[in-house]
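# A closer look at the structure
Listed here are the chains, written in short residue letters.
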Amino acid sequence: QVQLVESGGGLVQPGGSLRLSCSASGSIFSIGAMAWFRQAPEKQRELVAVLTSGGRTNYADAVKGRFTISRDHVKNIMYLQMNSLKPEDTAVYYCNAAVQYSSESSYDAYWGQGTQVTVSS
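First, a word on scope: everything that follows refers to the structure included in this document. Keep in mind that what you see is a predicted model, and the values were worked out from it rather than measured. (Residues numbered from 1 in each chain as written. Predicted model: local features only at pLDDT ≥ 70, side-chain atom pairs only at ≥ 80, totals over all residues. Heavy atoms only, no water.)

### Remarks on the overall build of the protein
The secondary structure content of the protein amounts to 0 helices and 11 strands. When the helices and strands of the protein are read in sequence order from the N terminus, they spell out β-β-β-β-β-β-β-β-β-β-β. Here the C-alpha radius of gyration of the protein, 14 Å, is about what a compact globule of 121 residues would show, namely 14 Å. Viewed in the frame of its principal axes, the protein has a C-alpha envelope of about 50 × 25 × 25 Å. Long-range contacts, defined here as pairs at least 24 residues apart, represent 56% of the contacts in the protein between residues at least 6 apart. In the form shown here, the protein has an accessible surface area of approximately 6,500 Å², with 47% of it arising from carbon and sulfur atoms. The protein carries 10 positive and 9 negative side-chain charges, and their two centres are separated by 6 Å. (Helix = DSSP H or I, 4+ residues; strand = E, 2+ residues; numbered from the N terminus. Rg over C-alpha atoms; globule rule 2.2 N^0.38 Å. Contact = heavy atoms within 4.5 Å. Areas by Shrake-Rupley, 256 points an atom, 1.4 Å probe, with all protein chains shown as cover. Lys, Arg positive; Asp, Glu negative; His and termini not counted. Charge placed at Lys NZ, Arg CZ, Asp CG, Glu CD.)

Spelled out as structure tokens, the structure:
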């Protein structure tokens, strides 16, 4: 079994910064792509940023230039540095990872439980 645990959410004023973390643990042989999603109230979950195992990144247009996704391959932790936060960034942020539990298994997708980010004055 694999667990993804997010942390780092909270309340921040517009223009402020937060850094989210997603720690992966459990039966992990290899982690492929990792990503951050978010879901605002009454809206569908949307992709925020993705980081491939090869190090390529892709961001939603709404966060380009403000958010940075990164990963510590040794510790199996993914980060999302969020700068210049806006009220419209308010959402529950979820991490997602493609995890292989053995050299012969396929990659399965796992989700964290989510962490609330609220941007308000």
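### Section: the sheet that holds strand β1 (residues 2-7)
Taken in spatial order, the 4 strands of this open sheet run β1-β3-β8-β7, and their pairing is antiparallel. At either end of the open sheet lies a strand with only one pairing partner, and these are β1 and β7 (67-72). Sheet twist, expressed as the average angle between the axes of neighbouring strands with direction ignored, equals 15°. The sheet contact formed by strand β3 (residues 18-26) and strand β8 (residues 77-82) spans 6 bridges and is antiparallel. In the strand pairing of β8, S23 is matched with I77. (Pairing = 2+ DSSP bridges. Axes fitted to C-alpha atoms, helices over the stretch in contact; angles between N-to-C directions.)

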